[in-house]
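# A look at the structure
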Amino acid sequence: MSQGPDCHGSARQEYERELAEFAARCREFAQNEGVPAALSHSESGSRQWISDELTRRAQRLAAAARAENSAWLALVGKQAMRGSWGLFGLVALIDLATAPLAAGWTLPRTAVLFAFAAFGLLVTSLSLVHSELGGVLCFMVGADGRLSPAKALGLLWGAALSTALVYFAVEDFAAATSAERAEVNAAISHPRWEYLALLAAPVLVSIVTNAVAASRMRRRAMPYLPGQRSQLRDLALDETGLGSLASAVWLPSYLAAVLFLVAGLAKNPYALPQLPSTVVWISLGSAVLFAAVRLVEARGPVVVSVVRVRPPGGLDGPVRQGDEIEIRGLGFVPPAAAAPDQLARIAVKLGPIHIHVPLVPGAEGGFSNPTDTSVTVPIPPDVDPGPWTVRVVTASGLETEDYALDIAAAED
């Protein structure tokens, strides 16, 4: 199936339509409108009907978001492939335009054309591996569906280094004299530890952070939310949608290293340039900082307290059968789990009983229940009085520790 601009445009329109309908439905329910007349007399029944209706619409919205994301990935992947050949055409145009101003056509001019042609072939070949998954972008997507800065920088530096090696290979092959060949061989034979370090750093960061995350998920100490939308801003923002300081330092340092590589070759086309030690150490330090932030930022859900929700005009008292309880704590909605379809997956365990957490739209948009710090659920009227335990199960599958709760018998 074609994944061109038209496909992405239609998928985007479908997603925006579903999003607008979902938002309008939430506003309608927040104003106590749109509930069937047969349920309007029952507060608990109408709330359950609203939650079920929003859950169904949230699933449709999530399906539209996944379709739009797939179309976007395919579109950007094709644009990246075309951009690589556009870069080759730009370099060829610059070479042809500047040749009369120099001492004629030189060996480096030929080598740079072959190098950027090899870069275009590399991007094209990577794009054809999974063209339906974004082409070259599929090598940057993490297990959670977001673009990974570590994978993106590893691919960036690997592509730049490969292009430079092709450049010197063409120079060595096409050298007219033994002196030129000896000069090229001396340039690429001299060890440059910083090139290997900059290539190894993002690979090691990706391996270490993924291994630690997998270990934590096996121990149920870290949330895992696959299927998130891929966006270019993932390279600079964390899971919460806020700017990532570690990424903001790491990305520019690697871009600076690529610029110094290009500038060094422009100054001396017969020598592999030595990168400034400041740029190298800042890049490696940023990689360590990024890995450290990723390793310490995980937090699990915690129940702090459970209180009885007093109905309007009701009296204070203990938690009884049929009452509503508000569970207060932290981490009930992990980063990237605020989508409506994810919120609908949150549940509460009252002993062996699984209670669905109803979706309650807020008057100013979003949802007033559940939130990251609060979850409100009704106590089933047929539970036995006595001691119980309460747990919150997040959308990622993580569970809180047991919280003791005493339930009193309902008043006659």
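You'll find the structure just up there.
Please read all numbers here as calculations on a predicted model, not as lab measurements. (Residues numbered from 1 in each chain as written. Predicted model: local features only at pLDDT ≥ 70, side-chain atom pairs only at ≥ 80, totals over all residues. Heavy atoms only, no water.)

Moving on, we come to the overall build of the protein chain. Helix and strand content of the protein chain: nine helices and nine strands. In summary, the protein chain has a C-alpha radius of gyration of 29 Å against a globular reference of 22 Å for 412 residues, an excess of more than 25%. Across its three principal directions, the C-alpha atoms of the protein chain cover 105 × 40 × 30 Å. Taken across its 412 residues, the protein chain has 42% of its residues classed as buried. Taking all contacts inside the protein chain whose residues are at least 6 apart in sequence as the whole, residues at least 24 apart take part in 71%. Surface accessibility of the protein chain: about 21,300 Å² in total, with carbon and sulfur atoms responsible for 62%. (Helix = DSSP H or I, 4+ residues; strand = E, 2+ residues; numbered from the N terminus. Rg over C-alpha atoms; globule rule 2.2 N^0.38 Å. Buried < 20%, exposed > 50% of the residue type's maximum accessible area, 1.4 Å probe, protein only. Contact = heavy atoms within 4.5 Å. Areas by Shrake-Rupley, 256 points an atom, 1.4 Å probe, with all protein chains shown as cover.)

Bringing the packing of helix 7 (residues 245-267) against helix 8 (residues 277-296) into the picture now. Two elements in contact, helix 7 and helix 8, have axes separated by 8 Å at closest approach and are oriented at 150°. When the axis of helix 7 is compared with that of helix 8, the two are roughly antiparallel. The two elements helix 7 and helix 8 meet at a crossing, and its hand is left-handed. Residues Ala246, Ser247, Val249, Trp250, Ser253, Tyr254, Ala256, Ala257 and Phe260 of helix 7 form the contact with helix 8, whose participating residues are Val279, Ile282, Ser283, Ser286, Ala287, Leu289, Phe290 and Val293. Of the residues assigned to the contact of helix 7 with helix 8, the class counts are 13 nonpolar, four polar and no charged. (Axes fitted to C-alpha atoms, helices over the stretch in contact; angles between N-to-C directions. Parallel < 35°, antiparallel > 145°, perpendicular 65-115°, else oblique. Left-handed = near helix turned anticlockwise from the far one by under 90°. Nonpolar A, V, L, I, M, F, W, Y, C, P; charged D, E, K, R; others polar.)

Together, Leu245, Val249, Ile282, Leu289 and Val293 make up a nonpolar patch on the protein surface, roughly 400 Å² of accessible area in all. Mapped by element, the contributors of at least two residues to the nonpolar patch are helix 7 and helix 8. Broken down by element, the nonpolar patch gets its largest block of residues, three residues, from helix 8. Tracing the backbone through its elements, the reader meets Leu289 in helix 8. (Patch = residues over 30% accessible without salt bridge, like charges linked within 9 Å, V, L, I, M, F, W, Y side chains within 5 Å. Salt bridge = Lys/Arg side-chain N within 4 Å of Asp/Glu carboxyl O.)

Moving on, we come to unusual backbone geometry. Here Asn369 and Pro370 are connected by a cis peptide whose omega angle stands at -5°. Mapped onto the fold, Pro370 is located in the loop between strand 6 (367-369) and strand 7 (374-378).

Turning our attention to the packing of aromatic side chains. If you walk through the whole model with that rule in mind, you get nine aromatic pairs. With a centroid separation of 6.5 Å and an interplanar angle of 85°, the aromatic rings of Trp157 and Tyr254 are classed as edge-to-face. Of this pair, Trp157 sits in helix 4 (residues 149-174) while Tyr254 sits in helix 7; the two residues are 97 residues apart in sequence, bridging distant segments of the chain. Ring centres 6.0 Å apart and planes at 85° place the aromatic pair Trp250 and Tyr254 in the edge-to-face group. Residue Trp250 and its partner Tyr254 are both found in helix 7; the two are separated by four residues, about one turn of the helix. Take Trp250 and Tyr254: they sit in the same class, and that class is buried. (Phe/Tyr/Trp six-rings, centres within 6.5 Å; stacked < 30°, edge-to-face > 60°.)

Turning to the nonpolar core, a few remarks are in order. The biggest cluster of nonpolar side chains holds 45 residues, and the ones touching the most others in it are Trp157, Trp250 and Leu261. Counting residues per element, the ones that place at least two in this core are helix 2 (43-98), helix 3 (107-129), helix 4, helix 6 (193-218), helix 7 and helix 8. No other element matches helix 4, which puts ten residues into this core. Discounting residues that sit within four places of it in the chain, Leu261 has contacts with Trp157, Ala160, Ala164, Tyr195, Leu272, Pro273 and Leu275. Among the nonpolar cores identified, the runner-up in size contains 37 residues, and Phe22, Ala65, Val319 and Ile379 belong to it. (Core = buried A, V, L, I, M, F, W, Y, C linked by side-chain atoms within 4.5 Å.)

Turning our attention to the packing of helix 6 against helix 7. At a closest axis distance of 12 Å, the pairing of helix 6 and helix 7 adopts a crossing angle of 150°. It follows from the interaxial angle that helix 6 and helix 7 lie roughly antiparallel. The hand of the helix 6/helix 7 crossing is left-handed. Judged by residue contacts, Tyr195, Leu198, Ala201, Pro202 and Val205 of helix 6 engage Trp250, Tyr254, Ala257 and Leu261 from helix 7. Tallied by class, the residues present in the contact of helix 6 with helix 7 amount to nine nonpolar, no polar and no charged.

Our focus in this paragraph is the sheet that holds strand 3 (residues 347-350). The strand order across the open sheet formed by four strands is 4-3-8-9, and the pairing between neighbours is antiparallel. Both edges of this open sheet fall to strand 4 (353-356) and strand 9 (403-407), since each of them pairs with a single strand only. Between one strand axis and the next, the sheet turns through 35° on average, direction left out of account. In the sheet, strand 3 pairs with strand 8 (residues 386-393) via four bridges, with the strands oriented antiparallel. Of the residues in strand 8, the one forming a bridge with Lys349 is Arg391. (Pairing = 2+ DSSP bridges.)

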